[in-house]
Every structure is written in structure tokens, then in C-alpha cells.
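Spelled out from the first residue to the last, the chains are:
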Amino acid sequence: MGECVFCDIASGKKDALILYSDEFIISIMDHRPINKGHVLVTPKKHYRDIFEVPADILCKATEVTRRVSIAINSTYHPMGLNIIENNGTDAGQTVFHFHIHLIPRYDSKYNTELAKVAWHRKVISPEELKKTRDEILKNMNIP
Ligand SMILES: [Zn+2]
């Protein structure tokens, strides 16, 4: 894959602080954490994003995410914990190897900050909401 930092970490070519590792999944400390205890969970094999990662690998990653979340919570007792996964540049993805962020929150002001930055909710009609549901429904028959 050439220049992929997570492939290099998974193969041991690049150092990282490993929290968990098995045949399929690795969990490491984010080297530029948003907060204390910011951890990443990623498949060892290269998948670009949610559109590429197979369901069984996603399930394994989710199990590790749960396990690490509980450990972070028991260690630091944060006020909250975000689990975030970005797909595509426009969604904030910067490393194009599927990975899940676990970000503990220690400041109750974060909720209002998040509302300002990323959660501009819209008021739409029930008809528009149903139309959107129906459009997505047409593509739900995915294995
Ligand atoms: Zn990779």
C-alpha cells in the first residue's frame, strides 16, 4: 500500500503505543490526542473507509472499541466519550485507512462547542423526512 501509516504500524514497520492487538485488529494511542486517552481502533488490513471494510472485520473492530472504551472509562472516568469514524475528506478523514476514534470528554462545555461546529440541525417537513427514508430504503438490500 506504500505510504499508509496504519499499514506500517500494523506490520511493525512504524512504532506506535499499542493498547490491543490480535490477528485482525490493532488499537493504538493517537499520537496527537484531542484529549487524554484518545485511542484509535483499526483493522490491520488496509480498507479505505466504511464503504470498503467487510462486515465481519467491522464487527471485530466494534468489539475492540467496546473493550477499549470500558478501559478508558474505568481509568479516567471522563464525563463522556465520543466514538467517531470519518469517511472521505469532506467528513474530516485525513488518513485513508479505516479507523475509529475513541475520544474521552472531560469538559461539559464540549456539548455546546460541538453544537456550534458540527450539529447544525435542520427543521424539515415529515414528507421530506419520509421521502429521504424511502430513497435510502431502495438501497438497503446489501449483504
Ligand atoms: Zn493502510
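Refer to the structure presented above.
Residues numbered from 1 in each chain as written. Predicted model: local features only at pLDDT ≥ 70, side-chain atom pairs only at ≥ 80, totals over all residues. Heavy atoms only, no water.

(A) Representation of the overall build of the protein. Looking only at helices and strands, the protein has four helices and five strands in total. In sequence order, the protein lays out its α and β elements as α-β-β-β-α-β-β-α-α. Reported as C-alpha extents along the three principal axes, the dimensions of the protein are approximately 50 × 40 × 25 Å. When each of the 143 residues of the protein is scored for burial, the buried share is 28%. Taking as baseline every contact in the protein between residues at least 6 positions apart, the subset at least 24 positions apart corresponds to 53%. (Helix = DSSP H or I, 4+ residues; strand = E, 2+ residues; numbered from the N terminus. Buried < 20%, exposed > 50% of the residue type's maximum accessible area, 1.4 Å probe, protein only. Contact = heavy atoms within 4.5 Å.)

(B) View of the coordination of the zinc ion. Summarising the metal site, the zinc ion is bound by the protein donors C4 (SG), C7 (SG), H46 (ND1) and H97 (ND1), whose distances to it range over 2.0 to 2.2 Å. For the zinc ion, the four donor atoms are set out with angles of 103 to 117 degrees between them, so the coordination reads as tetrahedral. All donors to the zinc ion come from one chain, and their sequence spacing reads C-x2-C-x38-H-x50-H. Note that C7 is positioned in helix α1 (residues 5–10) and H46 in the loop between β3 (39–43) and α2 (55–76), a separation of 39 residues in sequence. Judged by relative accessible area, which is 17%, C7 ranks as buried. (Donors = N, O, S within 2.8 Å, 3.2 Å for Na, K, Ca; no water. Tetrahedral: all angles 85-135°; square planar, octahedral: opposite > 155°, others 65-115°.)

(C) Structural context of a nonpolar patch on the surface. Taken together, the side chains of I136, L137 and M140 define a hydrophobic patch exposed on the protein surface, amounting to about 310 Å² of accessible area. Its location among the elements puts L137 in helix α4 (residues 126–137). (Patch = residues over 30% accessible without salt bridge, like charges linked within 9 Å, V, L, I, M, F, W, Y side chains within 5 Å. Areas by Shrake-Rupley, 256 points an atom, 1.4 Å probe, with all protein chains shown as cover. Salt bridge = Lys/Arg side-chain N within 4 Å of Asp/Glu carboxyl O.)

(D) Broad picture of the nonpolar core. If you look at the biggest cluster of nonpolar residues, it comprises 14 residues, and the most contacted ones within it are I25, V41, V64, V68, I100 and L102. Residue assignment for this core shows that the elements contributing at least two residues are β3, α2 and β5 (100–105). No other element matches α2, which puts five residues into this core. Not counting residues up to four positions away in its chain, the partners in contact with V41 are I25, I26, S27, A61, V64, T65, H99, I100 and L102. (Core = buried A, V, L, I, M, F, W, Y, C linked by side-chain atoms within 4.5 Å.)

(E) Representation of the pairing of β5 in the model. The buried fraction of β5 is high, at six of six residues. Of the two faces of β5, the one lined by I100, L102 and P104 and the one lined by H101, I103 and R105 are each fully buried. Sheet topology note: the β3/β5 ladder contains three bridges and is antiparallel. Paired with V41 across the two strands is I100, which belongs to β5. Bridge count for strand β4 (residues 80–84) against β5 is five bridges, and the pairing is antiparallel. Across the sheet, the residue bridging to N82 is I103, located in β5. (Pairing = 2+ DSSP bridges.)

(F) Representation of the pairing of strand β1 (residues 18–21) in the model. Inspection of the sheet shows β1 paired to strand β2 (residues 25–29) by three bridges, in the antiparallel sense. Looking at β2, one finds that S21 is bridged to I26. Counting the residues between successive antiparallel strands, the hairpin from β1 to β2 contains three residues.

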